[in-house]
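Read off the chains here:
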Amino acid sequence: MITKSYIMPRSEILELQSRRLRSLVRNVYEGSPFYRKRLDDAGITPEDIRSKDDLRRIPFTTKSDLRDNYPLGMLSTPKSNLVRLHASSGTTGNPTVVAYTLRDIDNWAELNARCLEIAGATSADVVQVAYGYGLFTGGLGLHYGAEKLGAKVIPASTGSTKRQIKLMKDLGTTVICCTPSYGLFLAESAREEGLDPKEDLRLRIGVFGAEPWSEMTRKLLEEELVESAHDIYGMSELNGPGVAMECRAKKGLHIWEDHYIVEIIDPTTGEVLPPGEKGEMAVTTIMKEGMPLLRYRTRDMTILNEEVCECGLSHARIMRIIGRTDDMLKIRGICVFPSQIEEILASMENVTPHYQLVINRDGPMDKLMVRVEISEDFKTDRLTDIVDLQRRLENQLRDTLSINASVELLEPKTIPRSEGKAQRIVDMRKI
Amino acid sequence: MIKQFSVFLENSPGRLANLMGILEKNGIKVLAMGIAEAGNYGIVRMIVDNDEKAFDMMRKENMSVNQAEVLIIELERLANAVKTLSVVGVNIDYAYTMDCGRAVIKVNNEEKAIKALSEAGLKVYPTKC
């Protein structure tokens, strides 16, 4: 069972953060040759870090640090204390390996249980985990969390969509955990099986993560699949899923600040930005033992809100991830995030959230093309209505993003559906 | 009233063939057809012999399909018909022909169009071909 210890006043959270930070810095200095060198090189001793405010003196840790120290050069504990290793897909070069002690696994489960709980799940729920099990942290992370909550878990993993739907129906699944794009695919597939997912299934809560999504996708998911759709955030370097979660107020994702210290930084200069400003999130994992990270640059862009939430929790909230610094497209020098385009599509009738961005170079000029499926319910016999839709989309994109993008309207269901993360960007620029 | 289907298709080789293939496979005959295109997409408009079946088939194939009401008139007296409509201020949005000597027209005011055509002694067919 989980404890309600995470409900605490903000002052207590801040005190815990400073205390845990001090002990973390001591631990990594003693346990990790990598961090000992990093701190020595920066002229910092563990005693210099007294509180959270001293954090900004410590250099950032980056994804390349993890790659360069492949496989286990970042450990802060002897290898014998580890009980689990996960690895990210290493599409370019080495994968990123992350390591857990038994206490790490237990804490990780606790955080995921909290996530499920603040979304409204209880021990009475049947939780179907349709994230990948295995090296990817999504499946096992939520699995342990749901068990910790005392709920019943169906470890469905990804794929076998027909079977997923049958299990939901026959076992009475009430909570579904998967990527938002797979959620939409499940709803479509259920309809193709002759089911009305909102009538024939009993999905109260959807826990959707592992890719950025928008309010439109929430609306669709809540219309088509679940009563209440919640965004969950995480990454394997920070344990996996369960770092932050939307409560029932759905006004940002609560980040578990008794386990993570969040800073929002300027991605170019590395300077810490004041609350309310948009920037890259850097996270310090103050409770991790196996492979804790100091000021890890997540490459995720967001805004931090430290106000107490209407749900009563005082753990700060991050805004839904605006994009990743590495998803950030530079088109003619202007930064564009796919999520911004998704929001625009969300606001328009007669198009779907199924889209692709194609970037090409025409001479010295970058060209962005947004390929989007029209809705099956778009009813017209007049070409002008369709041309008009295309023009309105192009105008909206220009007004919002300050770039000229062309829109290509596609027939329904022509963009391949993915069961994992959606492949939305096709960059054909040759540099 | 005669029903016309319009289907949104990408303007690329194989898309029309796919649509026609689906109709043919299901024994649905196309009695008239017209295409309007704009860039990478277009609309195929058509009159078929089995509306209900055609609609079900196209929805099942996830096509973006629409039904609209159109008029079928005599091709031989087309000049007279369009003159008659223009006199009463009815606009023809688009038109295409059928191979049984008839024309399909989409007007902006059906009631007014039928009335004017009938009064001029021109045929508005209640059936397709």
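A. Representation of the overall build of chain B in the model. Each helix and strand counted, chain B has four helices and six strands in total. Order of helices (α) and strands (β) in chain B, N terminus to C terminus: β-α-β-β-α-β-α-β-β-α. When each of the 129 residues of chain B is scored for burial, the buried share is 31%. Across chain B, every contact between residues at least 6 apart in sequence was considered, and the portion connecting residues at least 24 apart equals 66%.

B. Looking closely at the overall build of chain A. Tallying secondary structure elements over chain A gives 11 helices and 20 strands in all. For chain A, buried positions account for 46% of its 431 residues. Once local pairs closer than 6 in sequence are excluded, the contacts in chain A between residues at least 24 apart make up 66%.

C. Region of interest: the interface of chain A and chain B. Contacts between the two partners involve 16 residues from chain A and, on the opposite side, 18 residues from chain B. Counting residues per element, the ones that place at least two in the side of chain A that touches chain B are helix H11 (383-401) and strand S19 (405-410) of chain A. A per-class count over the side of chain A that touches chain B returns eight nonpolar, one polar and seven charged.

D. Inspection of the sheet that holds S19(A) at higher detail. Residues and elements named next belong to chain A. Pairing in this open sheet of four strands is mixed, and the strands run S19-S18-S17-S20 from one edge to the other. Each end of this open sheet is capped by a strand with a single partner; those strands are S19 and strand S20 (425-427). Strand-to-strand twist of the sheet, defined as the mean angle between neighbouring strand axes without regard to direction, takes the value 20°. Of the pairings in the sheet, the one linking strand S17 (residues 351-362) to strand S18 (residues 365-374) comprises nine bridges and is antiparallel in character. Residue Asn360 lies in a different strand from S18, and its bridge partner there is Lys367. Helix H10 (residues 338-347) rests against S17, S18 and S20 of the sheet, and its axis sits at about 135° to S17.

E. Focus on the packing of helix H4 (residues 102-118) of chain A against helix H5 (residues 137-149) of chain A. All names here are of chain A. Between H4 and H5, the least distance of the axes is 7 Å, while the angle of their chain directions is 75°. Overall, the two elements H4 and H5 adopt an arrangement that is roughly perpendicular. Within the contact between the two elements, H4 uses Ile105, Trp108, Ala109, Glu110, Asn112, Ala113, Cys115, Leu116 and Glu117 and H5 uses Gly141, Leu142, Tyr144, Gly145, Ala146, Lys148 and Leu149. For the contact of H4 with H5, the per-class residue count stands at 10 nonpolar, three polar and three charged.

F. Representation of the pairing of strand S3 (residues 126-129) of chain A in the model. Residues and elements named next belong to chain A. Alternating positions in S3 separate into two faces, Val126 and Gln128 on one and Val127 and Val129 on the other, with burial throughout. Where S3 meets strand S4 (residues 152-154), three bridges bridge the pair, whose relative direction is parallel. Within the sheet, the bridge partner assigned to Gln128 lies in S4 and is Ile154. Note on the crossover from S3 through H5 to S4: the handedness is right-handed. One ladder, built from three bridges, connects S3 with strand S5 (residues 175-178); its direction is parallel.

G. Quick peek at unusual backbone geometry. Residues and elements named next belong to chain A. In this chain, Tyr70 is followed by Pro71 through a cis amide linkage whose omega measures -5°. As for its placement among the helices and strands, Pro71 is situated in the loop between helix H3 (63-68) and strand S1 (82-87). We note that Arg295 has phi near 50°; this positive angle belongs to a residue other than glycine. Here Arg295 shows up in the loop between strand S11 (278-285) and strand S12 (296-305).

H. Region of interest: helix H9 (residues 215-224) of chain A. Restricting attention to buried positions, one finds in H9(A) the residues A:Thr217, A:Arg218, A:Leu220 and A:Leu221. Take H9(A) and look down its axis: the buried residues cluster within an arc of 165°, on one side only.

Rules used in this analysis
- Residues numbered from 1 in each chain as written.
- Chains lettered and ligands numbered in written order.
- Predicted model: local features only at pLDDT ≥ 70, side-chain atom pairs only at ≥ 80, totals over all residues.
- Helix = DSSP H or I, 4+ residues; strand = E, 2+ residues; numbered from the N terminus.
- Buried ≥ 20, exposed ≤ 12 C-beta atoms within 10 Å, placed from the backbone.
- Contact = placed C-beta atoms within 7 Å.
- Nonpolar A, V, L, I, M, F, W, Y, C, P; charged D, E, K, R; others polar.
- Pairing = 2+ DSSP bridges.
- Axes fitted to C-alpha atoms, helices over the stretch in contact; angles between N-to-C directions.
- Parallel < 35°, antiparallel > 145°, perpendicular 65-115°, else oblique.
- Right-handed = clockwise from strand over helix to strand, strands pointing away.
- Arc of directions from axis to C-beta.

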